[in-house]
Amino acid sequence: MKPIPPDSVGLVTPARLRFAKPLVLASGGVLADYELVYETYGTLNAKASNAVLVCHALSGSHHVAGYHDESDKRPGWWEHHVGPGKSLDTRKFFVVACNNLGSCFGSTGPASINPASGRPYGPEFPMVTVGDWVASQARLADELGIGKWAAVVGGSLGGMQALQWAIDYPDRVAHAVIIAAAPKLTAQNIAFNEVARQAILTDPDFHEGRFYDHGTEPRRGLRIARMLGHITYLSDDIMHEKFGRGLRGEKLNFDYQVAFEVESYLRHQADSFVGRFDANTYLLMTKALDYFDPAGAADGGLAAALAAVKADTLVMAFTSDWRFAPARSREIVKALHDNDLNVSYAEIKASHGHDAFLMRIPRYVDIFTAYMDRVFAGLPS
Amino acid sequence: MTPARVDFRIIGDWIRPGSRVLDLGCGDGSLLAYLAHSKGASGYGLEIDDAHVGECIKRGVNVIQTDLDAGLSEFDERSFDYVVLSLTLQAVRYPDRLLREMLRVGTEGIVTFPNFGHWRTRWQLGVLGRMPVSAALPHEWYNTPNIHLCTLRDFARLCERERIEVLESQVVDHAHRQRLALRLLPNLLGEIALYRFRRARLP
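Described below are features of the structure shown in this document. This is a predicted model, so every value here is computed, not measured.

In this fold, W149 of chain A is placed in the loop between helix 1 (130–144) and strand 11 (151–155). With near-sequence residues (within four places) excluded, W149 of chain A lies in contact with A51, V52, L53, V96, A141, W165, R172, V173, A174 and H175 of chain A.

Right, here's the structure in full:
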């Protein structure tokens, strides 16, 4: 393979922490005992003031940057933005990335063994919310000796966690960076999630979530869910640009095999997702998205929900994102300035749709870097 | 901190310390940075230009990227002590609507604009028969963003029509200097006009 680029954090090893103290969840369920897997990059300073938490989105993980092995084909999912000299500059910041509860990448989730039964949790794994994740991340922060984050950062569902952090722990967040997010899902967003869930739930291999016991998994359902998701992550423009009506072969073949490039792309995305991602986790993550609504809990809407927030905030949105459109980010911005909080908002021109938050777009990088430079300059020294 | 421009100093002299300020078309954020430093002011700048938004963030000025022509509907009534519109009035689609919006979200408004009644613009249009180009109005007619130019008198008439009470006004030349002659013949010699105003009380 190619040598690891100098602006990468390089080889990294995930860490694991066990929490024996029960975590009471929003659903009323309890996780008596759980593990969190996380990665860190950079060095925590003597005052523990330079820590940045990166929260991941639906299919993300703690593997944000660098490589686990020299043979890895791909680095972590936010390699563009985390590393020496990048927006989250690991020479300045101690970056922490935690795998969320319910995930299938190492932290306790539906595929983990339930100590009560000795077999995988499956459908017994309790539903988790964005607030539950934030509470579990706060315990991780305690263990790492981080009293207050210099910044909590995330895109999409990760941005929602950054917002929730600012609400739930106002004294533990100096800055929140909320990218391509929304203060709650629309009916259309929930509808897409429901179609994805139905694809999984009605797959005969789902076995009511006990597919582990049957040595199988709901591949068809998970594939369709992922294909649907990918359509919503891209814009019409970028699909036109990438695939258009381009054909895989020379001519139309008048059958149901792949004819168009876009079909090939979606099938490839689906194939690479199956075997890597857990169907129960997909169900849980989409529910966490659907249930996220900090304003719903507050009488008086989002501004009232953010009344306790103290963090300074940077909100960024992308012009072609129709899953969480710029107007949704503006709702967050309005609620923050209604509370006279320091907030900046940048709308980045990008054709990539929702996926833009993962890309290296020069203006996005510039704004993100400029803001993080201010965060660094303001660190208590 | 010395103000970069005299118009900034005049605005700084006009506002009360610790005010909440909304700066419409805030550019690189230098006015807000100056007001924060010299007057302890806080607030937000609204700006549409990508590069300017980045400059604001570098300076640590709160900036919200938005199109002023879309209005200020996201801001509640009386959210700010002052709403400032610096050298931008002439470039918006509906200056009259924007003035009304300024006095909805702010207690007072401050506007600065290039005076189209300056003798040099009159000379270029009236004698040479060409659209004026000057230090304050550097664009050619075909590429200017300035679509609603006005004179001091025009602005005063609009204020009257809109029941806006002018509290203070000043003119400066293109180097943002104040001189005695400007005070005597503002509409002829002033290149940049500055106004502070509020909604007129009903008689």
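Next comes the rest of the write-up.
For H214 of chain A, the position within the fold is in the loop between helix 3 (187–201) and helix 4 (219–233). The partly exposed category is assigned to H214 of chain A, whose relative accessible area is 48%.

Here we come to empty space enclosed by the protein. This model, assessed by the stated rule, comprises two cavities of 30 Å³ or more. Reported here for the largest cavity is a volume of approximately 50 Å³. Lining the largest cavity we find F192, N193, A196, A225, L228, G229, T232, Y233, Y282 and R323 of chain A. At the level of elements, helix 3 and helix 4 of chain A are the ones that each hand at least two residues to the lining of the largest cavity. Across the lining of the largest cavity, the residue classes break down as six nonpolar, three polar and one charged. Considering only enclosed or pocket space, the second largest cavity measures out at about 40 Å³ in volume. Along its surface, the second largest cavity is lined by P114, N115, H118, T121, S134, A136, L137 and E191 of chain B.

All names here are of chain A. Computed from the structure, the largest pocket encloses a volume of approximately 1400 Å³. Lining the largest pocket are 37 residues, and of these R74, W77, R226, R276 and L358 sit closest to its centre. Breaking the lining of the largest pocket down by element, the ones donating at least two residues are helix 4 and helix 6 (261–273). At four residues, helix 6 tops the list of elements feeding residues into the lining of the largest pocket.

What follows is about the packing of helix 1 of chain A against helix 2 (residues 157–168) of chain A. Residue and element names in this part refer to chain A. Close contact between helix 1 and helix 2 brings their axes to 9 Å; oriented N to C, the two are set at 70 degrees. Comparing their axes, helix 2 and helix 1 come out roughly perpendicular. For the element pair helix 1 and helix 2, the recorded crossing hand is right-handed. Taking contact as the criterion, the partners of V130, G131, W133, V134, Q137 and A138 in helix 1 are, on helix 2, L157, M160, Q161, Q164, W165 and D168. Each residue belonging to the contact of helix 1 with helix 2 can be placed in one class, and the counts come to seven nonpolar, four polar and one charged.

Procedures and definitions
Residues numbered from 1 in each chain as written. Chains lettered and ligands numbered in written order. Predicted model: local features only at pLDDT ≥ 70, side-chain atom pairs only at ≥ 80, totals over all residues. Heavy atoms only, no water. Helix = DSSP H or I, 4+ residues; strand = E, 2+ residues; numbered from the N terminus. Contact = heavy atoms within 4.5 Å. Buried < 20%, exposed > 50% of the residue type's maximum accessible area, 1.4 Å probe, protein only. 1 Å grid on protein atoms, 1.4 Å probe; cavity = no way out; pocket = protein on both sides within 12 Å on 5 of 7 lines; lining within 4 Å. Points joined across faces, edges and corners; volume = space filled by probe spheres on them. Nonpolar A, V, L, I, M, F, W, Y, C, P; charged D, E, K, R; others polar. Axes fitted to C-alpha atoms, helices over the stretch in contact; angles between N-to-C directions. Parallel < 35°, antiparallel > 145°, perpendicular 65-115°, else oblique. Left-handed = near helix turned anticlockwise from the far one by under 90°.

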